[in-house]
Amino acid sequence: MVALHVMAKPPPGAAPDWTIPQGFESYTEAEHQTWITLYDRQAAVLPGRACDAFLRGLDALDLHGRGIPDFTLLNEKLEAITGWRVVAVPGLVPDDVFFEHLADRRFPAGNFIRRADELDYIEEPDVFHDVFGHVPMLTDPVFADYMQAYGKGGLRALGLDALQRLARLYWYTVEFGLMGSAAGLRIYGAGIVSSRTESIFALESESPHRVGFDLERVMRTPYRIDDFQQIYFVVPSLEELLLTTTSTDFAPIYQRLAGLPDIAIAALAPDDIVLSHGTQAYALSRAKEHVTG
Ligand code: HBI
Ligand code: FE
């Protein structure tokens with residue numbers, strides 16, 4: 001996610017790595033009910049839209065609609081499957097802290113849940129986005145390795161002053177990625193699977209472009225943080241995503257890209273493999289100042 005208002009130091013009560021106790025006993029009935037409402041909405045739209053790895057992960061972790069999960073119980077299952085763990089954090093954490101956690105197979109999850117009267121709006125990633133959206137994919141051994149490699153790459157990118165490049169890769173894969181399958185396009189990005197409206201928009205709207213994933217192309221593309229995406233990138237498989245990112249030396253790519261302009265968010269590039277040439281009608285109808293990263 002984007003680092004909008006990250007504090008410099010861990011808040012009082014947080015460890016030096018920014019983790020805090022989940023405080024499972026402190027959730028109110030109303031907060032558990034918010035999870036259940038959000039869960040039920042996604043359960044209605046995701047079959048046939050989310051990728052198999054995500055749906056399998058939901059099952060394997062038993063992340064069903066009984067309220068906010070207890071991280072201790074969740075971690076017993078998750079650790080046995082891929083060695084990943086979920087740790088609670090108070091909100092956005094600094095980039096270096098975030099990457100350190102991923103590199104050690106810990107996923108930092110907000111422990112709070114959004115307000116019941118603003119189900120579709122969050123300013124910072126909450127427990128529903130982080131746990132329902134991200135954690136099922138961490139049960140997939142290939143995706144689990146991709147996320148760890150991303151954390152290690154993030155630490156290197158900080159030293160090479162290339163954080164923005166890598167943030168775009170995260171955005172267009174981990175958060176808003178689509179995948180091809182024999183049955184058609186499927187969602188694996190957490191920002192999509194945790195949103196009812198974007199789950200439908202990303203696959204079915206004629207507005208956005210859908211383009212074959214290309215690492216350098218993605219790193220040249222800004223992204224929307226304030227509305228539905230205007231372009232989605234489609235990987236052929238998770239194996240392919242892991243392979244292209246782990247078999248590539250990013251340092252020379254960062255250097256080359258430094259001399260190239262960004263590709264406008266609604267533009268198609270000459271080498272794009274265009275799966276849908278979007279009308280961009282939705283973005284045009286909501287013309288306003290774009291907030292991009
Ligand atoms: N912190 N809790 C949290 N969640 C994120 O997704 C996150 C973060 N800090 C930084 C960050 N993301 C971004 O810098 C990376 O996605 C690039
Ligand atoms: Fe996220």
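Structure: see above.
In this convention, every chain numbers its residues from 1, walking through the sequence in written order. Each chain is given a letter, starting from A, and each ligand a number, starting from 1, according to the order in which they appear as written. In keeping with the model being predicted, local features are shown solely for residues with a pLDDT of at least 70 and side-chain atom pairs are shown and tallied solely at 80 or more, while totals for entire chains, interfaces and linings include all residues. Only heavy atoms go into the side-chain values, all of them from the structure, while hydrogens and water stay out.

1. Some words on the pattern of salt bridges
- In what follows, salt bridge is the name for a side-chain nitrogen of Lys or Arg lying within 4 Å of a carboxyl oxygen of Asp or Glu. By the definition in use, this model includes 13 salt bridges.
- Across the pair Arg41 and Asp120 runs a salt bridge whose closest N-O atoms are separated by 2.6 Å. Pair noted here: Arg41 is in helix H1 (residues 29–45) and Asp120 is in the loop between strand E2 (106–110) and helix H5 (127–134), with a separation of 79 residues, a long-range link.
- Exposure is judged per residue with a 1.4 Å probe applied to protein chains only, and the accessible area is read against the type maximum: over 50% gives exposed, under 20% gives buried, and values in between give partly exposed. For Asp120, a relative accessible area of 57% puts it in the exposed group.
- Of the charged contacts, one joins Arg66 and Asp62 as a salt bridge, the two residues approaching to 2.9 Å between their closest N and O atoms.
- Taking relative accessible area as the criterion, Arg66 reaches 59% and is therefore assigned exposed.
- Given the relative accessible area of 34%, Asp62 is considered partly exposed.
- Among the ionic contacts, a cluster of salt bridges with common partners joins Arg165, Arg168 and Asp262. Here a helix means four or more residues in a row that DSSP labels H or I, a strand means two or more in a row labelled E, and each is numbered from the N terminus.

2. With respect to the coordination of the iron ion (ligand 2)
- Metal donors were taken as nitrogen, oxygen and sulfur atoms no farther than 2.8 Å from the ion, or 3.2 Å where the ion is Na, K or Ca. Water is excluded, so coordination may look unfinished. All of the protein donors around the iron ion (ligand 2) are His129 (NE2), His134 (NE2), Glu175 (OE) and Glu175 (OE); their distances to the metal are 2.0 to 2.8 Å.
- Irregular is the label for any site that misses the other tests, which are tetrahedral for four donors with all angles between 85 and 135 degrees, and square planar for four donors or octahedral for six when opposite donors exceed 155 degrees and the remaining angles lie between 65 and 115. What the 4 donor atoms of the iron ion (ligand 2) show is an angle range of 52 to 138° at the metal, which sorts the shape as irregular.
- Taken in chain order, the donor set of the iron ion (ligand 2) reads H-x4-H-x40-E. Across the pair, His134 and His129 agree in class, each one buried.

3. Points about helix H6 (residues 141–159)
- One less than the residue count of a helix, multiplied by 1.5 Å, gives the span that helix is expected to have. Spanning 19 residues, H6 covers 28 Å between terminal C-alpha atoms, matching the ideal 27 Å at 1.5 Å per step.
- Every buried residue of H6 is listed here: Val142, Phe143, Ala144, Tyr146, Met147, Gln148, Tyr150, Gly151, Gly153, Gly154 and Ala157.
- Of the surrounding elements, those touching the buried residues of H6 are helix H3 (71–82), helix H4 (95–103), E2, helix H7 (163–175), helix H11 (238–246) and helix H12 (250–258).
- Between N or O atoms, a polar contact is any pair within 3.5 Å; within protein, one atom must be a potential hydrogen donor and the other a potential acceptor, and residues adjacent in sequence are included only when both atoms are from side chains. The N-cap residue of H6 is Asp140: its side-chain oxygen and the backbone nitrogen of Val142 are 3.0 Å apart.
- Looking one or two residues beyond H6, the residue adopting positive phi is Asp161, at roughly 60°. Contact criterion: two residues are considered in contact whenever any of their non-hydrogen atoms come within 4.5 Å of each other.

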